[in-house]
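Here is what each chain is made of, one letter per residue.
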Amino acid sequence: MRKLLGVFFLLFCTFTFAQQEANYWYFGHKAGLDFSTSPPTAINDGLLDTFEGASTISDDKGNLLFYSDGSNVWTKNHQLMTYSNGNLANDLLGNPSSTQSALAIPKPDDTNIYYLFTVGAGGGRGLNYYTIDISKNSGLGEIIDGPVDLSGFAAGDWSEKVTAVEGQDCDTFWVISTDGSQFYAYKVDKNGVNTTAVESSFGQFINSQRGTLKVSPDGKYMVLANQGDSTYLYNFNSLDGTIDNSMELNVVNSGYGVEFSQTSTMLYISTGVHSQGTTPNNPSDAFIFQYNLNNTNITDINNSRKTIASET
């Protein structure tokens, strides 16, 4: 059971695509999974070595393109990508110890361009993005622009959270991140990244920078988990990027990892103290809870909570 919870604590910055862009996952200490087979095949050819965030993206046919820990970007051949000037892409403004250190999404209506968003660890570097042209360097790709700072003067208070979901408009995405009191939703369409965010208030101030931000695949709900603080469920509007209706979930101990079922009807939250090196999780803190989102109000959602795994 410890292994199960350990896998769940890892943050896979993935979201629902129309085709095969999430076929490969690289995560943890040079671990990986290939979802083009059933069951998925374990792979160990990756170079990523991280305690927390990572992002991997494939093309629409499921062919691996690149992966990142927020500081480094590796090509499909498991070599460091380069910038257009030839410098190695090993100095990005994310951090392998950031909860959701990197997030890769395709540019709508362009099979060559991808955006890689990064968030630092513990604030200071804020939210940035890089533009990758996968057609460059004989199909291995290179970073042609960035970093572009989206957080500005709020960088010092920025969280370790970034997520994305497809918008209701055709061929659009919303990329969402946070500081201590606001949500920032950036629309990505065929024209690129709109650097003017749609801003929404938390409804309260959050001191914790760690923990996962996640939108349900249907774009209806969003969850903000804050390690050492409360966990909240919100309504998300995937048409205009607004977020409202803060509802506190009755998570026991400290929420960290978040995932929705593919149908968006079940919510899963993992708790527990994140461990690094020889420092273990406290077994009394480690659970996976399930919530039924078919219920119509927060009282019923909280009452539906089930413990589906624990380390005790």
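For the structure, see preceding data.
Residues numbered from 1 in each chain as written. Predicted model: local features only at pLDDT ≥ 70, side-chain atom pairs only at ≥ 80, totals over all residues. Heavy atoms only, no water.

Give a description of the pattern of salt bridges that names residues and reports values.
One pass over the structure, following the stated rule, counts four salt bridges. Residues R210 and E52 are paired through a salt bridge, measuring 3.6 Å at the closest nitrogen-oxygen approach. With a gap of 158 residues between them, R210 in the loop between β16 (198-201) and β17 (213-215) and E52 in the loop between β3 (41-42) and β4 (55-58) connect regions that are remote in the sequence. Close ionic contact of D60 with K61 constitutes a salt bridge, the shortest N to O distance being 3.7 Å. Among the residues examined, D60 registers a relative accessible area of 34% and is labelled partly exposed. Judged by relative accessible area, K61 falls into the exposed class, the value being 66%. (Salt bridge = Lys/Arg side-chain N within 4 Å of Asp/Glu carboxyl O. Helix = DSSP H or I, 4+ residues; strand = E, 2+ residues; numbered from the N terminus. Buried < 20%, exposed > 50% of the residue type's maximum accessible area, 1.4 Å probe, protein only.)

Please provide a residue-by-residue account of the sheet that holds strand β19 (residues 231-236), values included.
The antiparallel open sheet is built from four strands, whose spatial order is β17-β18-β19-β20. Both outer strands of the open sheet, β17 and β20 (243-249), are each paired with one neighbouring strand and no more. Shown here is a sheet whose adjacent strand axes are inclined to one another by a mean of 20 degrees, direction ignored. When strand β18 (residues 221-224) meets β19, the two strands line up antiparallel, connected through four bridges. Bridge pairing in β19 links V223 to L233. (Pairing = 2+ DSSP bridges. Axes fitted to C-alpha atoms, helices over the stretch in contact; angles between N-to-C directions.)

Run through the nonpolar core, naming residues and quoting values.
Ranked by size, the top nonpolar core spans 20 residues in total, and within it I105, Y115, F117, L127, V175 and V188 carry the most contacts. Elements that contribute at least two residues to this core include exactly β8 (102-106), β9 (113-119), β10 (127-133), β12 (162-166), β13 (173-178) and β14 (182-189). In terms of residue count, β9 provides more of this core than any other element does, four residues in total. If sequence neighbours within four positions are ignored, V188 has contacts with I105, P108, Y115, F117, D171, T172, F173, V175 and V193. (Core = buried A, V, L, I, M, F, W, Y, C linked by side-chain atoms within 4.5 Å. Contact = heavy atoms within 4.5 Å.)

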